[in-house]
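# Analysis of the macromolecular model
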Amino acid sequence: MSVKLTKGQGVNLKKEAPNLKRVLIGLGWDPVKSFFGAQMDIDASVICIDDKGWKEDIVYFGNLRHRSGAIKHYGDNLTGDGDGDDEQIEINLEKVPAEINRLSIIINIYSAYSRNQHFGKVKNCFVHASDMDSGKELVYYDIDGNFDGKTGIFVADIYRYNGEWKFKAVGEGVKVRGISEMAEMKCNRR
């Protein structure tokens, strides 16, 4: 049975799965349907952050693989239709370069400003992490809160602490135009 987290809570991933090597991050959401509303394109991404707090790279729909091979984005879901995960990201923890100590999992609405869209118009937002080798779900976080007017959400952080990987539920909504603004908010500028 997976650990259910609330905002601000965290868990040691190795405690949940001592032999953990590859983690599958699944994210899902359901845009509220409206008679006049345009489809909502929500994107999941990973901001890779080094030990000094600098942005090392971003893995997203336009850069599906980290150059190390440690992180792989499985592609862009343009509508959020269907049940289960809308987007998935694979992280091979053993291959993450030593200089990267934090992976910030984020979601944002593509072209939110021009389409007048925000996360107040989204329901059933969640993230979960599973052990890819055993298939066991380790962590589940139901992303809740008032996200009216927010166009991005810092969902969760996976980070190294004393040589072990931890998962922390963040759930912080922000008003941004895109991924690069979220990276600037999360990291030292570079």
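Everything below is about the structure shown above.
Summarised in this report is the structure supplied together with it. (Residues numbered from 1 in each chain as written. Predicted model: local features only at pLDDT ≥ 70, side-chain atom pairs only at ≥ 80, totals over all residues. Heavy atoms only, no water.)

### Here's the deal with the pairing of strand S7 (residues 87-92)
Most of S7 sits inside the fold, with five of its six residues counted as buried. When strand S3 (residues 22-31) meets S7, the two strands line up antiparallel, connected through six bridges. Bridge pairing in S7 links Leu24 to Glu90. Across three bridges, the pairing between strand S6 (residues 71-73) and S7 is antiparallel. Bridge pairing in S7 links Lys72 to Glu90. (Buried < 20%, exposed > 50% of the residue type's maximum accessible area, 1.4 Å probe, protein only. Helix = DSSP H or I, 4+ residues; strand = E, 2+ residues; numbered from the N terminus. Pairing = 2+ DSSP bridges.)

### What to know about the environment of Arg160
Looking at the secondary structure, you find Arg160 in strand S11 (residues 152-161). C-alpha of Arg160 to C-alpha of Leu138: the two residues are 22 residues apart in sequence and 17 Å apart in space. For Arg160, the residues in contact, after removing those within four places along its chain, are Val96, Pro97, Ala98, Ile100, Asn101 and Trp165. Only 2.8 Å separates the side chain of Arg160 from the backbone oxygen of Pro97, close enough to count as a polar contact. (Contact = heavy atoms within 4.5 Å. Polar contact = N/O pair within 3.5 Å; in protein donor to acceptor, adjacent residues only side chain to side chain.)

Remember that the coordinates give geometry; whether it matters functionally is a separate question.
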